[in-house]
Amino acid sequence: MQPHSYVALVTVAALLTYFWMGLRVGRARAKSGISPPAMTGDPILERNIRVHYNTLEWLPIFLVGLWLFAIYWNDLIAAGLGVVWIVGRILYALGYVADPKKREAGFLIQFAAAAILLLGAAGRIIWTLATVGA
């Protein structure tokens, strides 16, 4: 059985990236003086919250695709695509907070990586079922 160590490291890195985004929400709250549960009132706080939540929305798609791609295709390629996804999310976060119009490049990068992982895994699973069976 393959240990998938590279994908495990990328998983940890993705979760640390998500944690970093959460810390940015906290810093934006402190800077703006807006305490929980309030979510509005400062554009920078609102953007940081949106980045954090949007990343949470993408994590299940990314993580499932990452692991299934590693299992059905290749650990190293999956890990490489995972790093691309993380870079895309960081670019998305930095761009969105600076100016929401600057989020597109990061979004497209992470979208492409997630799509390749998920669709690649699905394709290989279907191919395996069709050729080998369950």
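These lines cover the structure that appears in this document, whether it is placed above or below. Since we're looking at a predicted model, the values are computed, not measured. (Residues numbered from 1 in each chain as written. Predicted model: local features only at pLDDT ≥ 70, side-chain atom pairs only at ≥ 80, totals over all residues. Heavy atoms only, no water.)

Turning our attention to the packing of helix α1 (residues 5–32) against helix α3 (residues 75–98). Packed helix pairs are specified by the crossing angle of their axes together with the interaxial distance, meaning the distance between the axes. With their axes 8 Å apart at the nearest point, α1 and α3 run at an angle of 10° to one another. With respect to their mutual orientation, α1 and α3 come out roughly parallel. Residues of the contact of α1 with α3, tallied by class, amount to 17 nonpolar, three polar and three charged. (Axes fitted to C-alpha atoms, helices over the stretch in contact; angles between N-to-C directions. Helix = DSSP H or I, 4+ residues; strand = E, 2+ residues; numbered from the N terminus. Parallel < 35°, antiparallel > 145°, perpendicular 65-115°, else oblique. Nonpolar A, V, L, I, M, F, W, Y, C, P; charged D, E, K, R; others polar.)

Because each turn of an α-helix spans 3.6 residues, side chains separated by three or four positions in sequence point in the same direction. The end-to-end C-alpha distance of helix α4 (residues 104–131) is 39 Å, a good match for the 40 Å that 28 residues give at a rise of 1.5 Å each. Residues of α4 that are buried in the fold lie against α2 (43–72) and α3. Phi turns positive, to about 95°, at Gly133, one or two residues after α4. (Expected span 1.5 Å × (residues − 1). Contact = heavy atoms within 4.5 Å.)

Inspection of the secondary structure assignment puts Asn48 in helix α2. You can call Asn48 buried: its relative accessible area is 5%. For Asn48, the contacting residues outside a window of four places in its chain are Arg24, Val25, Ala28 and Val97. (Buried < 20%, exposed > 50% of the residue type's maximum accessible area, 1.4 Å probe, protein only.)

If you walk through the whole model with that rule in mind, you get one salt bridge. Note that Glu57 is salt-bridged to Arg50, the shortest N-O span being 3.2 Å. Taking the relative accessible area as the measure of exposure, Glu57 reaches 46% and is therefore partly exposed. Looking at Arg50, the relative accessible area reads 31%, which means it is partly exposed. (Salt bridge = Lys/Arg side-chain N within 4 Å of Asp/Glu carboxyl O.)

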